[in-house]
Amino acid sequence: MNLGNRGSILGSDEVEASIESPRLMDSRSWPLGGCVIGGVRMEGAADIDWDSLTFSLTQTDYMYVAECELGQPWHPGEMRRYGNLEIDPAAGVLNYGQGIFEGMKAHRTVQNNVVLFRPDENARRFQRGAARLGMPPVPESMFIDAVEQVVAANSHFIPPSGRGALYVRPVLWGTGPIMGVAPSPSYTFCVFVTPVGPYFKGGLTSIELVISDEFHRAAPGGSGGVKAIGNYAPGMMPSKNAKKNGYAEVIYLDAVEHLNIEEVGAANFFCVKDKHLYTPELTGTILPGITRDSIIQLARHRGYEVTETKVSAEFAMQSDEAFCCGTAAVISPIGSITHEEEKKVYMDGNVAPITRELYNALTGVQTELAQDPFGWLHKVQLNLPLNMV
């Protein structure tokens, strides 16, 4: 990739340089998205049956790619057609799992705006993950700029309000070749998107979970507190087995005492007792979810007490309500938890009232159905210029 003299944006622990990413081409929006890219008019919405969308991959048109050498500053990346990337078989990400990712959504709101939800928090978590895995952190301004460009370039893939969202996947990989167990000599930052449907079609429904005493998600001192790619494959087999037995997902306990709930698959956990919310405290083994933090702030804003503490499986199974949360589903009501021979059923398997209230409140903010008292929404200008190649 020839970046010429486009300037640089400092990475690592250095202060971010005050430089704007140059973009070379104009995009213009129509009511449901659409833009002019590379002289091609992409008008209106994509030819997609929005109501058939699930949480799966639908190929879009454009992605963002930037490259960086270890020890050097990041330079602004480029927009290119979505497609395969060339990679050395000795790449650090392929051999040693040196990679991280983020999950975000761009929503088309009831006001016909396109918004991101707290992208600054994703950018900061991305930086923490990069530092933990020995990779050059992507500056916050460059991260948000890249996400905005990809959303704007693929705006015709954003579903109408209430019928889904554009899922945004930023990734950072160690793509340089390395044989020893050491940081890669070079890195690739990429952002791509895909339209996804509502997680719960036809309204909220409760899920049934099972507690695992055999498998653990993370251990103290490990990488459980960042979105490292290697954190996710070990959970695939326990999850598959749980589904075979009729459960939606596995609840993982802590790896030391084997008593306290940590996460539900790849989601954060909450329970409610006497209208008081409890969620596992962040100890370095639990991902600091942005949806989790938003629920804590929103619940407190609505007058609920929220405690971040150790939450034992025993306590959770004595609670009045339980739910898990993350980017994909926002909030998933828990209808039951099974642990060994014991099964706790919440609200006869129905969606509990505080769970529903918080789901409606949070999705209301995300889609501009409700006020945003926290300033969480980040509006994307669809007519911004794009750095196309």
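Residues numbered from 1 in each chain as written. Predicted model: local features only at pLDDT ≥ 70, side-chain atom pairs only at ≥ 80, totals over all residues. Heavy atoms only, no water.

Undergrad: So what exactly am I meant to see when it comes to the environment of Gly 97 here?
TA: When you line up the elements, Gly 97 lands in the loop between α1 (92–96) and β5 (99–101). Considered as a pair, Gly 97 and Gly 174 are 77 residues apart in the sequence and their alpha carbons are 8.2 Å apart. What Gly 97 contacts, discounting residues up to four positions off in sequence, is Gly 92, Leu 133 and Ile 229. (Helix = DSSP H or I, 4+ residues; strand = E, 2+ residues; numbered from the N terminus. Contact = heavy atoms within 4.5 Å.)

Undergrad: So what exactly am I meant to see when it comes to the layout of surface pockets here?
TA: Over the atoms a probe the size of a water molecule is rolled, and this reveals where empty space is left. The space that makes up the second largest pocket amounts to roughly 370 Å³. What lines the second largest pocket is a set of 22 residues, and nearest its centre among them are His 107, Pro 198, Tyr 359, Thr 363 and Thr 367. For the lining of the second largest pocket, the secondary-structure elements that each account for two or more residues are β6 (104–108) and α7 (353–366). It is α7 that provides the largest number of residues to the lining of the second largest pocket, a total of four residues. Residues that form the lining of the second largest pocket fall into these classes: 10 nonpolar, nine polar and three charged. (1 Å grid on protein atoms, 1.4 Å probe; cavity = no way out; pocket = protein on both sides within 12 Å on 5 of 7 lines; lining within 4 Å. Points joined across faces, edges and corners; volume = space filled by probe spheres on them. Nonpolar A, V, L, I, M, F, W, Y, C, P; charged D, E, K, R; others polar.)

Undergrad: Would you mind showing me how to read the pattern of salt bridges here?
TA: Once their charged atoms are close, side chains differing in charge can pair, the charge on each being opposite to the other. One pass over the full model with this rule turns up 13 salt bridges. Between Arg 217 and Glu 263 there is a salt bridge whose closest N-O contact spans 3.3 Å. Placement of Arg 217 in the loop between β10 (207–212) and α4 (236–244) and of Glu 263 in strand β12 (residues 261–264) is noted, with a sequence separation of 46 residues between them. Here the two residues Arg 217 and Glu 263 agree in accessibility, since each one is buried. Through salt bridges with shared partners, a single ionic network connects Asp 120, Glu 121, Arg 124 and Glu 140. (Salt bridge = Lys/Arg side-chain N within 4 Å of Asp/Glu carboxyl O. Buried < 20%, exposed > 50% of the residue type's maximum accessible area, 1.4 Å probe, protein only.)

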